[in-house]
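Each chain, written out:
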Amino acid sequence: ESSHQPFQFYTPALESRASRMLNQEQLLRQSIALGGFELHYQPQVRTDNGALAGFEALVRWRHPQRGLVSPEEFVALAEARGLITAIDRWVLRQACHEACAWLAQGMPRVPVSVNMSAQEFRHPDLAIDVAAVLAETGLPAQLLHIELTESTLMHSDAQVQRTLHALQQQGVQLAIDDFGTGYSSLAYLRRHPIHQLKIDRSFVTDLTDNEDDAAIVTAIVQMARSLRLGTVAEGVETPAQLALLRQLGCEMAQGYLIAPPMPAEQLLQWQQDYCHK
Ligand code: C2E
Ligand code: CA
Ligand code: CA
Ligand code: CA
């Protein structure tokens, strides 16, 4: 029985897990140094007339053995090891650069959204660096949206507030990602120059058969309207969800129903097919 077992400070299983993590970290560092990432873009459309409204940039790691790896599998490690800033900065520059390129190729003038981790907002120079990237790539500030989480805003200090205001002054718009999953206090919405709420997929999935989810989405949309904030529903997968979101007054939708995230080279073709449907 277990009480007779000797203490094991480490087991082969633990050892291999630890070395796997270390290995992943080393590979991640290498990929950061060598540019081993790419961006996929997922369209956002208006629910009322279907018009294209923007694209969200989603990072993928080109893993030497595993192929393209989802951020679900490495963002947490990157945050824990202080590597997320380097990745997010690359994402910012690459997204601005690619957005400029597709504008030049005739894409409608819609914004590109990038995700920024809370760690990014601890850097006092973030707003200045964003301005520099916009100047360098030539992307108009109005076409850049930054997605941040409720926790970034909840734990914000004077520094974060200055950064958010400086970004807003430049014309960059700010969206709250995964809205509704973080905190019950909504007071932070008053303190920060936010433009848009992204309603988390967990409220959208069962929207059409769960009255509680429908009530939550209705409440978020109504609150957003009175605060003059835009709304985007995430993870829209069925026509019935889209129809209900439109009926509830949610402005925009994003999800597999419209399109999965795609490599930049496919966006123009997708947009042309979509507009001629
Ligand atoms: P997110 O910002 O909530 O992004 C939406 C995620 O949902 C994406 O997963 C997207 O592929 C997925 N998705 C989109 N439509 C649907 C749908 O209809 N159904 C379902 N089931 N899923 C859908 P992805 O690309 O794996 O990204 C996961 C998360 O990683 C993102 O969640 C975001 O929080 C984070 N992330 C992505 N790119 C970056 C980045 O550049 N920097 C940072 N810090 N985080 C990032
Ligand atoms: Ca996001
Ligand atoms: Ca989200
Ligand atoms: Ca999410």
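These numbers were taken from a predicted model, which means no experiment stands behind them.

J.: How should the layout of surface pockets be read in this particular structure?
T.: Over the atoms rolls a probe the size of a water molecule, and its path tells where empty space is left. Taken as a whole, the largest pocket holds about 1100 Å³ of empty space. If you trace the largest pocket, you find 34 residues lining it, with Glu56, Leu58, Pro71, Glu72 and Asp177 closest to the centre. Of all elements in the fold, only β2 (52-63), α2 (75-80), α3 (84-104), β6 (173-179) and α8 (201-204) reach the threshold of two or more residues within the lining of the largest pocket. Residue contributions to the lining of the largest pocket peak at five residues, all from β2.

J.: Help me understand helix α4 (residues 126-137), please; the structure alone is not making it clear to me.
T.: Note: α-helices contain 3.6 residues per turn, so residues at a spacing of three or four share the same orientation. In this model α4 runs 16 Å from its N-terminal to its C-terminal C-alpha over twelve residues, within 8% of the 16 Å that 1.5 Å per residue would give. Among the residues of α4, those classed as buried are Leu126, Ala127, Val130, Val133, Leu134 and Thr137. Taken end-on, α4 shows its buried residues confined to a sector of 120 degrees, consistent with a single buried face. Every exposed residue of α4 that faces more than 90 degrees away from the buried side is listed here: Ile128, Ala135 and Glu136. Residues of α4 that are buried sit in contact with α3, β5 (144-148) and α6 (158-170). Just past α4, the residue Gly138 takes up positive phi, approximately 85 degrees.

J.: So what exactly am I meant to see when it comes to helix α10 (residues 239-248) here?
T.: Regarding α10, the residues found buried are Gln241, Leu242, Leu244, Leu245 and Leu248. Down the axis of α10, the buried side of the element spans an arc of 165 degrees, and every buried residue falls inside it. Exposed and facing more than 90 degrees away from the buried side of α10 are Pro239 and Gln247. Buried residues belonging to α10 abut α8, α9 (211-226), β8 (230-233) and β9 (252-253). Phi turns positive one or two residues past the end of α10, at Gly249, with a value near 95 degrees.

J.: When you look at the coordination of the calcium ion (ligand 3) in this model, what are you seeing that I'm missing?
T.: Coordination angles at a metal have ideal targets, namely 109.5 degrees for four tetrahedral donors and 90 or 180 degrees for six octahedral donors. The coordination sphere of the calcium ion (ligand 3) contains the protein donors Asp177 (OD), Asp178 (OD), Glu234 (OE) and Glu234 (OE), at a distance range of 2.0 to 2.6 Å. A separation of 3.9 Å is found between the calcium ion (ligand 3) and the calcium ion (ligand 2), which are bridged by Asp177. Taken together, the positions of Asp177 in strand β6 and Glu234 in the loop between β8 and α10 put the pair 57 residues apart, joining distant regions of the chain. Taking relative accessible area as the criterion, Glu234 reaches 11% and is therefore assigned buried.

J.: What should I look at first to understand the pairing of strand β7 (residues 196-199) in this one?
T.: Regular strands show a simple pattern: their side chains alternate between the two faces of the sheet. The two faces of β7 match: Gln196 and Lys198 on one face and Leu197 and Ile199 on the other face are all buried. Across three bridges, β6 lies against β7 in parallel orientation. Paired with Ala175 across the bridge in β7 is Gln196. Where β7 lies against β8, four bridges are found, and the strand directions are parallel. Bridge pairing in β8 places Gln196 opposite Gly230.

J.: When you look at the site of ligand 1 in this model, what are you seeing that I'm missing?
T.: Taken together, 24 residues sit near ligand 1, with Gln42, Arg60, Asp88, Glu237 and Tyr256 positioned nearest. Interatomic distance of 3.2 Å between a side-chain N/O atom of Glu56 and an oxygen atom of ligand 1. Protein contacts shield 85% of the accessible area of ligand 1, which totals 800 Å² for the unbound molecule. Applying the majority rule of atoms within 2 Å of the grid points places ligand 1 in the largest pocket. Counting residues per element, the shell around ligand 1 draws most heavily on β2, which supplies four residues. Along the lines of polarity and charge, the residues of the shell around ligand 1 split into nine nonpolar, six polar and nine charged.

Calculation rules
Residues numbered from 1 in each chain as written. Chains lettered and ligands numbered in written order. Predicted model: local features only at pLDDT ≥ 70, side-chain atom pairs only at ≥ 80, totals over all residues. Heavy atoms only, no water. 1 Å grid on protein atoms, 1.4 Å probe; cavity = no way out; pocket = protein on both sides within 12 Å on 5 of 7 lines; lining within 4 Å. Points joined across faces, edges and corners; volume = space filled by probe spheres on them. Helix = DSSP H or I, 4+ residues; strand = E, 2+ residues; numbered from the N terminus. Expected span 1.5 Å × (residues − 1). Buried < 20%, exposed > 50% of the residue type's maximum accessible area, 1.4 Å probe, protein only. Arc of directions from axis to C-beta. Contact = heavy atoms within 4.5 Å. Donors = N, O, S within 2.8 Å, 3.2 Å for Na, K, Ca; no water. Pairing = 2+ DSSP bridges. Near = heavy atom within 4 Å. Polar contact = N/O pair within 3.5 Å; in protein donor to acceptor, adjacent residues only side chain to side chain. Areas by Shrake-Rupley, 256 points an atom, 1.4 Å probe, with all protein chains shown as cover. Sits in = over half its atoms within 2 Å of the grid points. Nonpolar A, V, L, I, M, F, W, Y, C, P; charged D, E, K, R; others polar.

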